[in-house]
Amino acid sequence: QVQLVESGGGLVQAGDSLRLSCAASGRTNEMGWFRQAPGKEREFIAAMWWSAGGTYYADSVKGRCTISGDNAKNTMYLQLNSLKPADTGVYYCAVRTKTVGPFEYWGQGTQVTVSS
């Protein structure tokens with residue numbers, strides 16, 4: 001079992017930046033961020049592999065978003081820049097312990113609201 005706790009969400013204005021954090025209870029293979037906007041399905045935002053250090057992003061945030069991690073703290077971050085109202089939603093971090101397959105463990109989410 002891996003427990004995840006997100007933090008850093010809040011109410012910001014369009015154009016602002018925000019950094020989200022996700023603290024994991026243990027080491028993992030891959031961690032990712034997802035977002036669920038009101039009335040929409042949850043969508044992938046970004047992910048990273050701890051061992052290889054590789055990252056990948058959804059087209060909707062590419063260039064505005066940076067995912068990173070602190071090995072010593074087992075904590076992953078998501079830096080969001082140039083925020084838009086369309087970025088509003090609940091942001092979840094998740095863990096995938098295997099190379100392929102679904103993300104198995106999820107945090108409870110942190111709300112991000114971007115006003116215009």
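In this convention, every chain numbers its residues from 1, walking through the sequence in written order. It should be noted that, the model being predicted, local features are given only for residues of pLDDT at least 70 and side-chain atom pairs only at 80 or more, the latter also being counted only at that level, while totals for whole chains, interfaces and linings use all residues. Each side-chain value is worked out from all heavy atoms of the structure, with water and hydrogens disregarded.

Our next topic: the side chain of Glu6. Per the convention used, a helix needs a DSSP run of H or I reaching at least four residues, while a strand needs a run of E reaching at least two, with both numbered from the N terminus. One can find Glu6 in strand E1 (residues 4-7). Three exposure classes are used, based on accessible area relative to the maximum for each residue type with a 1.4 Å probe and protein chains only: buried under 20%, partly exposed in between, and exposed over 50%. None of His or the chain ends enter the tally, which takes Lys and Arg as positive and Asp and Glu as negative. Counted as salt bridges are all cases of a side-chain nitrogen of Lys or Arg within 4 Å of a carboxyl oxygen of Asp or Glu. One buried charged side chain, Glu6, makes no salt bridge at all; its nearest oppositely charged neighbour is Arg42, positioned 7.9 Å away. Two N or O atoms count as a polar contact when they lie within 3.5 Å, although within protein this holds only if one can serve as hydrogen donor and the other as acceptor, and sequence-adjacent residues are included solely when both atoms are side-chain atoms. A polar atom in the side chain of Glu6 sits 2.9 Å from the backbone nitrogen of Cys93. Side-chain polar atoms of Glu6 contact the backbone nitrogen of Gly109, separated by 2.8 Å. Contacts between residues were defined by any pair of non-hydrogen atoms, one from each residue, lying within 4.5 Å. Apart from residues no more than four positions distant in its own chain, Glu6 is found in contact with Ser21, Cys22, Trp33, Tyr91, Tyr92, Cys93, Gly107, Gln108, Gly109 and Thr110.

The subject of this paragraph is the nonpolar core. Across soluble globular proteins, you tend to see nonpolar side chains buried next to one another. Here, the term nonpolar core denotes a set of buried Ala, Val, Leu, Ile, Met, Phe, Trp, Tyr and Cys residues that are joined through side-chain atoms within 4.5 Å. Judged by nonpolar contacts, the single largest core of 26 residues is most densely connected at Leu4, Leu20, Met31, Trp33, Met76 and Leu78. When contributions to this core are tallied by element, the ones reaching two or more residues are strand E3 (18-24), strand E4 (30-36), strand E5 (43-49), strand E7 (65-70), strand E8 (75-80), strand E9 (89-96) and strand E11 (110-115). With four residues, the top contributor of residues to this core is E3. Dropping the residues within four chain positions of it, Leu78 is found in contact with Leu18, Arg19, Leu20, Trp33, Ile45, Ala46, Cys65, Thr66, Ile67 and Tyr91.

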